[in-house]
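# Results of the structural survey
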Amino acid sequence: MSFTLPDLPYAHDALQPYMSRETLEYHHDKHHLAYVNNGNNLLKGTEWEGKSLEEIVVGSYGKNAGLFNNAGQHYNHLHFWKWMKPNGGGSLPGELEKAVVSAFGSVDKMKEDFIAAGTTQFGSGWAWLAVKDGKVIVSKTPNGESPLVQGATPILGVDVWEHSYYIDYRNRRPDYLKAFIENMVNWEYVAERFAAATK
Ligand code: MN3
């Protein structure tokens, strides 16, 4: 398959005041597009041409750094746009909430761990909620990596590359992470991914 840039599932200004139109214009229209174009060029003539995106990401990890970085970031961003929505945040759907409370003790503790993971990811990368062996975990990864290459299924991810928050939050990454988890997350989509990963 070749990679294509999806439209944002909302208008560029729909996540304001938490994420600006300018951030989404650069982040979606330019950064994600670059991963799509570079990924398509690097995919040509490799053994992964014709494979699914997940197979390309997992297969190229540790074998073809250029392709992996761009395919990995394409995968991460495809979901990232859907992990956010206007008027996001709020309470978690029932089954997901149950699993989070059983893994972390409370929803607040999960949020605290998620924010800590994003804050302590040194340099560029992502913080995650993932399902591993049926259990919800928090993790963090550098650059374009994701829980996919750690044998887990990502159900929520936040981009902590500076291009994701610097226009709106400058160096205040923890404030961006707090706004993300409290006001931007599309928990229905997270719950959908959780259900698919645990069925
Ligand atoms: Mn990004």
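Scope of this entry: the structure provided in the associated data block. What you are looking at is a predicted structure, and each value in this text was computed from that prediction instead of being measured.

## A closer look at the pairing of strand E2 (residues 135-142)
Alignment of strand E1 (residues 125-132) against E2, held across eight bridges, turns out to be antiparallel. Paired with Ala 130 across the two strands is Ile 137, which belongs to E2. Counted between consecutive antiparallel strands, the loop separating E1 from E2 contains two residues, among which Asp 133 sits at a positive phi close to 50°.

## Observations concerning the packing of aromatic side chains
Applying the stated criterion to the full structure yields twelve aromatic pairs. Every member of this aromatic cluster is reached through a ring pair, and the members are Phe 80, Trp 81, Trp 83, Phe 114, Trp 126, Trp 128, Phe 180 and Tyr 189. The cationic tip of Lys 30 hangs over the ring face of Tyr 26; the distance from NZ or CZ to the ring centre is 5.9 Å.

## Quick notes on the side chain of His 27
Turning to its location among the elements, His 27 is positioned in helix H1 (residues 21-43). A polar side-chain atom of His 27 sits 2.9 Å from a polar atom in the side chain of Asp 159. The contacts of His 27, once residues within four sequence positions are left out, are His 32, His 77, Phe 80, Trp 81, Asp 159, His 163 and Ser 164.

## Focus: unusual backbone geometry
A cis amide bond links Gln 16 with the next residue in sequence, Pro 17, at an omega value of 5°. You can see Pro 17 is positioned in the segment before H1. Residue Asp 133 is not a glycine yet carries a positive backbone phi of 50°. Locating Asp 133 in the fold gives a position in the loop between E1 and E2. We classify Asp 133 as exposed; its relative accessible area is 77%.

## Some points on the nonpolar core
With 43 residues, the main nonpolar core has Phe 80, Leu 156 and Trp 187 as its most contacted residues. Elements that contribute at least two residues to this core include exactly helix H3 (65-82), helix H4 (94-104), helix H5 (107-120), E1, strand E3 (153-159), helix H7 (173-184) and helix H8 (187-198). Each of domain 1 (21-82) and domain 2 (94-197) contributes no fewer than three residues to this core. Counting 13 residues, the second largest nonpolar core, distinct from the first, contains Leu 43, Val 57, Phe 68 and Ala 71.

Scoring rules and cut-offs
All residue numbers refer to position in the chain's written sequence, counted from 1. Confidence filtering applies because this is a predicted model: local features only for residues at pLDDT of at least 70, side-chain atom pairs given and counted only at 80 or more, and all residues used for totals across whole chains, interfaces and linings. Note that the side-chain values use all heavy atoms of the structure and ignore hydrogens as well as water. Pairing between strands is defined by DSSP: at least two bridges between the two strands are required. Helix and strand labels come from DSSP, where a helix needs a run of H or I of at least four residues and a strand needs a run of E of at least two; each type is numbered from the N terminus. Two rings from Phe, Tyr or Trp (for Trp, the six-membered ring) form a pair when their centres sit within 6.5 Å of each other. Planes less than 30 degrees apart are called stacked, planes more than 60 degrees apart edge-to-face, and all others tilted. By the criterion adopted, a ring carries a charge over it if an Arg CZ or a Lys NZ lies within 6 Å of its centre and within 35 degrees of its normal. In protein, a polar contact means a hydrogen-donor-capable atom and an acceptor-capable atom, both N or O and within 3.5 Å, with residues adjacent in sequence counting only if both atoms are side-chain atoms; elsewhere, any N or O pair within 3.5 Å suffices. The contact definition used throughout considers only heavy atoms, calling two residues in contact when any of these lie within 4.5 Å. The buried label applies to any residue whose accessible area, calculated with a 1.4 Å probe on protein chains only, is under 20% of its type's maximum; exposed applies above 50%, and partly exposed to all values in between. The term nonpolar core refers to a set of buried residues drawn from Ala, Val, Leu, Ile, Met, Phe, Trp, Tyr and Cys, joined through side-chain atoms within 4.5 Å. What fixes the domain bounds is an automatic or database domain assignment.

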